[in-house]
Amino acid sequence: MQGGLEGYDLIGDVHGCGATLGSLLDRLGYHQRGGVYRHPRRKVIFLGDLIDRGPRIRLAVTIARRMVEEGEAHIVMGNHEVNALAYSHRAPGSPGYEWLREHSLRHNRIIKETLEQYRDHPQEWEEALAWFLDIPLYLELDGLRVVHACWDQPLVEELRREHPDGRIDEAFLAASAVPGTLAFRILDRLTRGTHVPLPEGVEIQSGDGFTRRSFRAHFWAREPQTWGDVIFQPDNLPGDLENRELSPEERSYLSYYGPEQPPLFIGHYWCEGIPALPAANIACLDYSAVKFGRLVAYRWSGESRLDADHFVWVRVPREEQARPQPWEIDFD
Ligand SMILES: [Mn+2]
């Protein structure tokens, strides 16, 4: 471990649960001094998706950003940071009103709370966006790997070729807005993972209020045969689609991460219930904090086989008065 570190505490999707993040850091033994949470022997790695949906988005971003800038934490980019960047950058060459991410009703809705909470703090929002662009898409350090949604080795290598530290730039962001480009495939796979389209006319009415025409697939089944072998999301497939055979095209489109690979940490998949390990070398730390689930960390101290006893979490109760309150954190 670099610099005599004891280990890393990896933290899943915060989604604006800034006060809950403060509680989790307290529980992990971090202490806030001068507005920065620090631990004498450990560092945090955030798995991305700090923003959108939750009640204290600015607090979540401020806590994470100050820790990263002070060298107390690392972070990888989530699809919500990608969305915010594309939503806020004009498409090159187009006069006026074209954005890299169209301001459609659906896209407006995803970023709504973030824009509302930053409305009276435009300078702070500009600085947050500039910081988002500086966040790498993946991390590989001290024997562990971190990515928001899916580790795809060939695409990580493609990214590394032009961007050795995993950080993108505005040109990459612009290229990624065009489906089919290499930049699109890298950003989409690493921050959104793989989604298999549903048959014509079939939709999932998801628990988060969105209608979906595809399902999220995972990447740790060695020889998956059916859709049920790879689905990884809280919503079940309609009817008997779990038994549907994966087509050769679908199978070749999926990524695969084998059990001999280094430990990998991901967020993104809004799991529910008690944190569990999907594989001995993979931990997903998104347990739907913003939907009154759990904000989850994994305390990693160098082990190559992960251990479910190393999860640490804070529950987010539905009752307003039982939730962590922002004034309990002496921040500014
Ligand atoms: Mn997320």
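Looking at an unreviewed UniProt entry, the protein chain carries the name Bis(5'-nucleosyl)-tetraphosphatase PrpE [asymmetrical], with the source organism given as Halomonas lysinitropha.

In terms of helices and strands, the protein chain carries 10 helices and 16 strands. For the protein chain, whose C-alpha radius of gyration is 19 Å, the value lies close to the compact-globule estimate of 20 Å for 332 residues. Per-residue burial for the protein chain yields a buried fraction of 54% across its 332 residues. Sequence separation of 24 or more characterises 65% of the internal contacts of the protein chain that already satisfy a separation of 6 or more. Between the averaged position of the 37 positive side-chain charges in the protein chain and that of its 51 negative side-chain charges there is a distance of 2 Å.

Aromatic ring pairs are defined here through the distance separating the ring centres and the angle between the ring planes. On inspection of all chains with the given rule, the structure shows 10 aromatic pairs. Note on Tyr118 and Trp125: the rings are 4.9 Å apart at their centroids and 40 degrees apart in plane angle, and the pair reads as tilted. Comparing Tyr118 with Trp125 shows no difference in burial state: the two are buried. With centroids separated by 6.0 Å and ring planes inclined at 45 degrees, the aromatic side chains of Trp131 and Phe132 adopt a geometry described as tilted.

What follows covers the pairing of strand β8 (residues 194–197). Burial along β8 is one-sided: Thr194 and Val196 are buried, and none of His195 and Pro197, which face the opposite way, are. Taken together, the 4 bridges between β8 and strand β11 (residues 214–217) define a ladder with antiparallel strand orientation. When the sheet's bridge partners are listed, Val196 is paired in β11 with Phe215.

In this structure, Asp13 (OD), His15 (NE2) and Asp49 (OD) serve as the protein donors to the manganese ion, at separations of 2.1 to 2.4 Å. Asp49 gets classed as buried once you look at its relative accessible area, which sits at 2%.

Now for the sheet that holds strand β12 (residues 264–266). Across the sheet, 4 strands lie side by side as β6-β7-β12-β13; this open sheet has mixed pairing. Looking at which strands have only one partner, the edges of the open sheet turn out to be β6 (138–141) and β13 (282–284). Neighbour-to-neighbour, the strand axes of this sheet turn through a mean angle of 15 degrees, independent of strand direction. Where strand β7 (residues 144–147) lies against β12, 2 bridges are found, and the strand directions are parallel.

Among the structural elements, Asp49 can be located in the loop between β4 (42–46) and α2 (57–69). Although Asp49 is buried, it makes no salt bridge; Arg53 carries the closest opposite charge, 5.9 Å away. Excluding its chain neighbours within four sequence positions, the residues that come into contact with Asp49 are Asp13, Val14, His15, Gly78, Asn79, His80, Glu81 and His148.

Within the secondary structure, Phe311 sits in strand β16 (residues 311–315). The class for Phe311 is buried, based on a relative accessible area of 7%. Residues Phe311 and Leu10 lie 301 residues apart in sequence; the distance between their C-alpha atoms is 9.5 Å. Residues within four places of Phe311 in sequence aside, it is in contact with Pro275, Ala276, Leu277, Ala283, Cys284, Leu285, Val296, Ala297 and Tyr298.

What follows deals with the side chain of Arg145. Of note, Arg145 is situated in strand β7. A distance of 2.9 Å separates a polar atom in the side chain of Arg145 from a polar atom in the side chain of Gln261.

What follows covers the packing of α2 against helix α5 (residues 122–133). In contact at an axis separation of 11 Å, α2 and α5 are set at 50 degrees when each is read in the N-to-C sense. The angle between α2 and α5 places the two elements in the oblique class. Classified by chirality, the crossing of α5 by α2 is left-handed. Seen from α2, the contacting residues are Arg58, Val61, Thr62, Ala64, Arg65, Val68 and Glu69; seen from α5, they are Glu124, Glu127, Ala128, Trp131 and Phe132.

Each value, and the rule that gives it
Residues numbered from 1 in each chain as written. Predicted model: local features only at pLDDT ≥ 70, side-chain atom pairs only at ≥ 80, totals over all residues. Heavy atoms only, no water. Helix = DSSP H or I, 4+ residues; strand = E, 2+ residues; numbered from the N terminus. Rg over C-alpha atoms; globule rule 2.2 N^0.38 Å. Buried < 20%, exposed > 50% of the residue type's maximum accessible area, 1.4 Å probe, protein only. Contact = heavy atoms within 4.5 Å. Lys, Arg positive; Asp, Glu negative; His and termini not counted. Charge placed at Lys NZ, Arg CZ, Asp CG, Glu CD. Phe/Tyr/Trp six-rings, centres within 6.5 Å; stacked < 30°, edge-to-face > 60°. Pairing = 2+ DSSP bridges. Donors = N, O, S within 2.8 Å, 3.2 Å for Na, K, Ca; no water. Axes fitted to C-alpha atoms, helices over the stretch in contact; angles between N-to-C directions. Salt bridge = Lys/Arg side-chain N within 4 Å of Asp/Glu carboxyl O. Polar contact = N/O pair within 3.5 Å; in protein donor to acceptor, adjacent residues only side chain to side chain. Parallel < 35°, antiparallel > 145°, perpendicular 65-115°, else oblique. Left-handed = near helix turned anticlockwise from the far one by under 90°.

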